[in-house]
Amino acid sequence: MKKARFKFLPFDFIKGEEIDLIIEQKIRENKVNGFVPTYCYAINLTGTNLTIGTIDLRIGNNTLTYYGGHIGYGIDKKYRGHHYASKACELLRKVALAHGMNELIITCNPENIASQKTCTRLGAKFIEIVDLPIDSDMYLEGERQKCIYKWRISS
């Protein structure tokens, strides 16, 4: 039986109370490189064109999503301290659930205390600190370890 081809769902704009997520790119799966389908969003202050960060949601599970996470985010320095990363993660919950995902991996570098606090704020459970494989892109970029968190998004 042939596996059904992945289909992106119509989550191009997700409105929140303080922030909105606006799709910037949808990246198809690339099995050769081990990349799963990915939604890439700009994080904007609600009702504005002011982008304050980005967030990605990777759909599916493989070695790369374990080390790199299902969710990757970044908030511009000027806008940090308002919990926008955790609010953006919460907005992505419905996208992940629509794709049948009940748990998401979020990773961060051990020295990234702000990201660890974001994971804790979400209720994600700390799993472990892992050494990155020496052939991974993250390792080649100078990173050596990741904190792995598991966020259960369905009850």
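Residues numbered from 1 in each chain as written. Predicted model: local features only at pLDDT ≥ 70, side-chain atom pairs only at ≥ 80, totals over all residues. Heavy atoms only, no water.

## Some points on the overall build of the chain
This is how the line gets drawn: Secondary structure elements follow DSSP: runs of H or I no shorter than four residues count as helices, runs of E no shorter than two count as strands, and numbering proceeds from the N terminus. Atoms counted for the radius of gyration: C-alpha only. Globule rule: 2.2 Å times the number of residues to the power 0.38. Only protein chains enter the area calculation, which uses a 1.4 Å probe; residues under 20% of their type maximum are buried, those over 50% are exposed, and those in between are partly exposed. We call two residues in contact when some of their heavy atoms are within 4.5 Å. Throughout, the Shrake-Rupley method with a 1.4 Å probe supplies accessible areas, and for residues the shown protein chains are the sole cover considered. In this count, Lys and Arg are taken as positive residues and Asp and Glu as negative ones, while His and the chain termini are left out. For this purpose, a charge sits on NZ of Lys, CZ of Arg, CG of Asp or CD of Glu.
Helices and strands together make up the secondary structure of the chain, namely 4 helices and 8 strands. Listing each helix as α and each strand as β along the chain from the N terminus yields β-β-β-β-α-β-α-β-α-β-α-β. In terms of overall dimensions, the chain is globule-like: its C-alpha atoms have a radius of gyration of 15 Å, near the 15 Å expected for 155 residues. Each principal axis of the C-alpha atoms in the chain carries an extent, and together these give about 45 × 40 × 30 Å. Burial analysis of the chain (155 residues in total) assigns 41% to the buried set. Considering only intrachain contacts with a sequence separation of at least 6, the fraction spanning at least 24 residues in the chain is 55%. In the structure as shown, the chain presents an accessible area of about 9,100 Å², 51% of it carried by carbon and sulfur atoms. Of the charged side chains in the chain, 22 are positive and 17 negative; the average position of the first set lies 5 Å away from that of the second.

## Some details on the pattern of salt bridges
In plain terms, the rule: For this document, the term salt bridge refers to a Lys or Arg side-chain nitrogen within 4 Å of an Asp or Glu carboxyl oxygen.
Counted by the stated rule, this structure contains 7 salt bridges. Here Lys26 ties to Asp12 by a salt bridge, and the two come within 2.8 Å at their closest N and O atoms. With Lys26 in strand β2 (residues 19-27) and Asp12 in the segment before β1 (13-15), the pair connects residues that are 14 residues apart, well separated along the chain. Residue Lys150 pairs with Glu103 through a salt bridge whose shortest N-O separation is 3.8 Å. Here the residue Lys150 occupies a position in strand β8 (residues 145-152), and Glu103 occupies one in strand β6 (residues 103-108), the gap between them amounting to 47 residues. On the basis of relative accessible area, Lys150 is assigned to the partly exposed category, the value being 31%.

## With respect to the environment of Ala124
Mapped onto the secondary structure, Ala124 falls in the loop between α3 (113-122) and β7 (125-131). Counting along the chain gives 52 residues from Ala124 to Gly72, while the straight-line C-alpha distance between them is 14 Å.

## Section: the pairing of strand β3 (residues 38-45)
What counts, and what does not: Any two strands are treated as partners once DSSP identifies two or more bridges connecting them.
Counting buried positions along β3 yields 8 of 8 residues, so the element is predominantly enclosed. On β3, burial covers both faces: Thr38, Cys40, Ala42 and Asn44 on one face and Tyr39, Tyr41, Ile43 and Leu45 on the other are all buried. As defined by bridge partners, β2 adjoins β3 across 8 bridges and the pair is classed as antiparallel. Directly across from Gln25, in β3, lies its bridge partner Cys40. Relative to strand β4 (residues 51-58), β3 runs antiparallel, the two sharing 7 bridges. Within the sheet, the bridge partner assigned to Tyr39 lies in β4 and is Leu57.

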